[in-house]
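# Structural description and commentary
Single-letter residue listing:
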Amino acid sequence: MSEFDFIERQYLGLNKMALTRRLALALFCFMAYYWRENHDKSGELYFVIGSAIIIFSVLLFFMLHFETRVFNGSIILDGLWTSRRIKIDTGSILSAKKVNYSKYIINRAVYNLHFKGTIRFYTRGNDAVELTDKDGLIYLIGSQKADELSRVINNKLK
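How each quantity is defined
Residues numbered from 1 in each chain as written. Predicted model: local features only at pLDDT ≥ 70, side-chain atom pairs only at ≥ 80, totals over all residues. Heavy atoms only, no water. Buried < 20%, exposed > 50% of the residue type's maximum accessible area, 1.4 Å probe, protein only. Helix = DSSP H or I, 4+ residues; strand = E, 2+ residues; numbered from the N terminus. Pairing = 2+ DSSP bridges. Phe/Tyr/Trp six-rings, centres within 6.5 Å; stacked < 30°, edge-to-face > 60°. Lys NZ or Arg CZ within 6 Å of the ring centre and 35° of its normal.

## Regarding the pairing of strand E9 (residues 138-142)
When you tally the buried positions in E9, you get four out of five residues, the bulk of the element. Sheet topology places strand E7 (residues 118-122) next to E9; four bridges connect them, and they run parallel. Bridging across to E9, Phe121 finds its partner in Ile141. Of the strand pairs in this sheet, strand E8 (residues 127-133) and E9 are connected by five bridges, and their pairing is antiparallel. Paired with Thr132 across the bridge in E9 is Ile138. Between E8 and E9, which pair antiparallel in sequence order, lie four residues; one of them, Gly136, sits at a positive phi of approximately 90°.

## Section: the packing of aromatic side chains
Inspection of every chain in the model, using the stated rule, returns six aromatic pairs. On the basis of an interplanar angle of 55° and a centroid distance of 5.8 Å, the ring pair of Phe30 and Phe47 is categorised as tilted. Taken as a pair, Phe30 in helix H1 (residues 16-39) and Phe47 in helix H2 (residues 44-60) lie far apart in primary sequence, 17 residues in all. Judged by centre distance (5.3 Å) and plane angle (80°), the rings of Tyr111 and Phe121 are edge-to-face. Of this pair, Tyr111 sits in strand E6 (residues 110-115) while Phe121 is found in strand E7, placing the two residues ten residues apart along the sequence. For Tyr111, a relative accessible area of 17% puts it in the buried group. Owing to a relative accessible area of 0%, Phe121 belongs among the buried residues under this scheme. One aromatic cluster is present, formed by Phe30, Tyr33 and Phe47 through successive ring pairs. One cation-aromatic arrangement involves Arg120 over Tyr101; the distance from NZ or CZ to the ring centre is 5.7 Å.

Bear in mind that shape data such as this cannot, by itself, settle questions of function.
Written out as structure tokens, the structure is:
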């Protein structure tokens, strides 16, 4: 196997939307625990649930959502355990450019989502690389290193 031209790992726990939702739920549990402890002394369950949510959130920081690799004329997107590995041949790509992933501040983490004529891969961040292939398919790959990924793919296209 040859050397990778580009590799990036994106972790599930770093998605803003999911992290905000989990932390808000944990905060609610801790506030309910505090209120119940000061009023009728039966709020231990809220403390346990809030602590479990925080521990789960920390564990998600280490859970790989997907990995992007570019080598041997291919772009390989490898997801979680049950996800299919996606292989895009760079010979079939017409263009690659850096774009904003979305106009929204908070976006869901997705893998191989077919939506509005594009195939989306996203964990976190604002930037993405838009690939257009010969069949007219558009791949939108969210990346923390979109400039580098775009540069590597464009070098492969030349």
